[in-house]
Amino acid sequence: MKRTLIIGASSNPSRYAYLAAQKLKNYGHPILLLGRRKGSASGEEIHFEKVKWDDVDTVTLYINPSHQTEYYDYIISLKPKRVIFNPGTENPEFENMLLDKNIIPIEACTLVMLSTGQF
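No experiment lies behind these values; they were computed from the predicted model shown. (Residues numbered from 1 in each chain as written. Predicted model: local features only at pLDDT ≥ 70, side-chain atom pairs only at ≥ 80, totals over all residues. Heavy atoms only, no water.)

Student: Can you walk me through the layout of surface pockets in this structure?
Tutor: Empty space among the atoms becomes visible once a probe the size of a water molecule is rolled across them. Quantified by volume, the largest pocket comes out at close to 520 Å³. In terms of lining residues, the largest pocket is bounded by 22 residues, among which Gly8, Ala9, Ser10, Arg15 and Tyr62 are the most central. Residues that form the lining of the largest pocket fall into these classes: 9 nonpolar, 9 polar and 4 charged. (1 Å grid on protein atoms, 1.4 Å probe; cavity = no way out; pocket = protein on both sides within 12 Å on 5 of 7 lines; lining within 4 Å. Points joined across faces, edges and corners; volume = space filled by probe spheres on them. Nonpolar A, V, L, I, M, F, W, Y, C, P; charged D, E, K, R; others polar.)

Student: Would you mind going over the packing of aromatic side chains with me for this structure?
Tutor: Applying the stated criterion to the full structure yields 2 aromatic pairs. Ring geometry for Tyr72 against Phe94: centres 4.3 Å apart, planes inclined by 15°, an arrangement best described as stacked. Taken together, the positions of Tyr72 in helix α3 (residues 72-78) and Phe94 in helix α4 (residues 92-100) put the pair 22 residues apart, joining distant regions of the chain. Phe94 matches Tyr72 in its accessibility class, with the two residues each being buried. (Phe/Tyr/Trp six-rings, centres within 6.5 Å; stacked < 30°, edge-to-face > 60°. Helix = DSSP H or I, 4+ residues; strand = E, 2+ residues; numbered from the N terminus. Buried < 20%, exposed > 50% of the residue type's maximum accessible area, 1.4 Å probe, protein only.)

Student: Help me understand unusual backbone geometry in this model?
Tutor: When glycine is set aside, most residues are seen to have a negative phi, and most peptide bonds are trans. A positive phi angle, close to 50°, is found at Ser42, a residue other than glycine. Positionally, Ser42 belongs in the loop between β3 (39-41) and β4 (44-47). For Asp55, which is not a glycine, the phi torsion comes out positive at approximately 55°. Within the secondary structure, Asp55 sits in the loop between β4 and β5 (58-61).

Student: Would you mind going over the nonpolar core with me for this structure?
Tutor: Taken as a class, soluble globular proteins show a tendency for nonpolar side chains to be buried jointly. Judged by nonpolar contacts, the single largest core of 20 residues is most densely connected at Leu5, Ile7, Tyr74 and Ile75. The set of elements that each furnish at least two residues to this core consists of β1 (4-7), β2 (31-34), β5, α3, β6 (82-85) and α4. Considering every element that reaches this core, the biggest residue donor is α3, with 5 residues. Tyr18, Ala21, Ala41 and Ile84 belong to the second-largest nonpolar core, a separate cluster that totals 17 residues. (Core = buried A, V, L, I, M, F, W, Y, C linked by side-chain atoms within 4.5 Å.)

This is the structure in structure tokens:
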């Protein structure tokens, strides 16, 4: 199972980040949640501060590129194998930075990837 950090996590059930948290857990993937507001999703706490988690396999982004710059160094420091840029989060600048650090950027939808067995 792939330990996944959701950045842009939300406790609002109508948000895609919330749906991703549910679906990841349903598929057996441990989740870590980071958002702008504290709360919970799928029974897990949404953290407001950048936590130095170990063994993060995947980071999935639900924040637009204008808010991503403050997370560049943080995400790279976690040394994930890949970062998923969900629709609307595509960021060529950050994707190139990740490639330079041997982290795979993927422009895709986490929900679709899970549904089609590509996660």
